[in-house]
Amino acid sequence: MTGELMACTCPHHVHRNAYCKHMAAVEHATGDGTLDAFPLDDDDTEPEDCDCDGLGDFPCWPCVRTGRKELPN
């Protein structure tokens, strides 16, 4: 939701442009109608289960999964 606008990808909202149960859930669950569904993780801290040591320049799966490092081509 941004300001007065709210959108959902469910068929009820997409095809009917109607207020759906998902919008109602967000509005009632948060009180102010906002939800940070995909928060940006700007934190570059090492995951607890990082195992990059000993792999050379190759990243471990926890670092790849969290977006901390990328797999080489």
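Conventions and cut-offs
- Every residue gets a number counted from 1 within its own chain, in the order that chain's sequence is written.
- The predicted origin of the model limits local features to residues at a pLDDT of at least 70 and limits the giving and counting of side-chain atom pairs to 80 or more, whereas totals for whole chains, interfaces and linings rest on all residues.
- The side-chain figures draw on all heavy atoms in the structure; neither hydrogens nor water molecules are used.
- Here a helix means four or more residues in a row that DSSP labels H or I, a strand means two or more in a row labelled E, and each is numbered from the N terminus.
- Exposure classes here rest on a 1.4 Å probe applied to the protein chains alone. A residue is buried below 20% of its type maximum, exposed above 50%, and partly exposed in between.
- Working definition of accessibility: Shrake-Rupley area with a 1.4 Å probe, residue cover restricted to the visible protein chains.
- For this analysis, a salt bridge means a side-chain nitrogen from Lys or Arg found within 4 Å of a carboxyl oxygen belonging to Asp or Glu.
- pLDDT runs from 0 to 100 and stands for how confident the predictor is about each residue.
- Disulfide: a pair of cysteine sulfur atoms within 2.5 Å of each other.
- Whether two residues are in contact is decided by their heavy atoms, any of which lying within 4.5 Å being enough.
- Each patch is assembled from residues with relative accessible area greater than 30% and no salt bridge, linking like charges that lie within 9 Å and nonpolar side chains (Val, Leu, Ile, Met, Phe, Trp, Tyr) that lie within 5 Å.

Right, let's talk about the overall build of the chain for a bit. When you go through the chain residue by residue, the secondary structure sums to 3 helices and 0 strands. Order of helices (α) and strands (β) in the chain, N terminus to C terminus: α-α-α. For the chain, the proportion of its 73 residues judged to be buried stands at 21%. Put simply, the chain shows about 6300 Å² of open surface, and 52% of that area lies on carbon and sulfur atoms.

In this section: the pattern of salt bridges. Applying the stated criterion across every chain yields a total of 1 salt bridge. We note a salt bridge from Asp 49 to Arg 65, for which the minimum N-O separation is 3.8 Å. Within this pair, whereas Asp 49 is found in the loop between α2 (21-30) and α3 (61-65), its partner Arg 65 is found in helix α3, the two being separated by 16 residues in sequence. We classify Asp 49 as partly exposed; its relative accessible area is 45%.

What follows covers the confidence of the model for the chain. When pLDDT is averaged along the chain, the result is 79; 74% of the residues meet or exceed 70. Element-level mean pLDDT values for the chain span from 81 in α2 up to 92 in helix α1 (residues 11-16).

Throughout the structure, instances matching the rule amount to 0 disulfides. Free cysteine: Cys 52, not disulfide-bonded; nearest cysteine sulfur from Cys 60 at 3.5 Å. The exposure class of Cys 52 is buried, given its relative accessible area of 8%. Look at Cys 60 and you get buried, because its relative accessible area is 4%.

Moving on, we get to the side chain of His 13. With respect to the element layout, His 13 can be found in helix α1. Setting aside anything within four residues of it in sequence, one finds His 13 in contact with Met 6, Ala 7, Cys 8, Ala 18, Cys 20 and Met 23.

Residue Asn 17 is not a glycine yet carries a positive backbone phi of 50 degrees. Tracing the chain through its elements places Asn 17 in the loop between α1 and α2. Taking the relative accessible area as the measure of exposure, Asn 17 reaches 64% and is therefore exposed.

Judged by side-chain polarity, Leu 55, Phe 58 and Leu 71 come together as a nonpolar surface patch covering roughly 280 Å² of accessible area. Tracing the backbone through its elements, the reader meets Phe 58 in the loop between α2 and α3.

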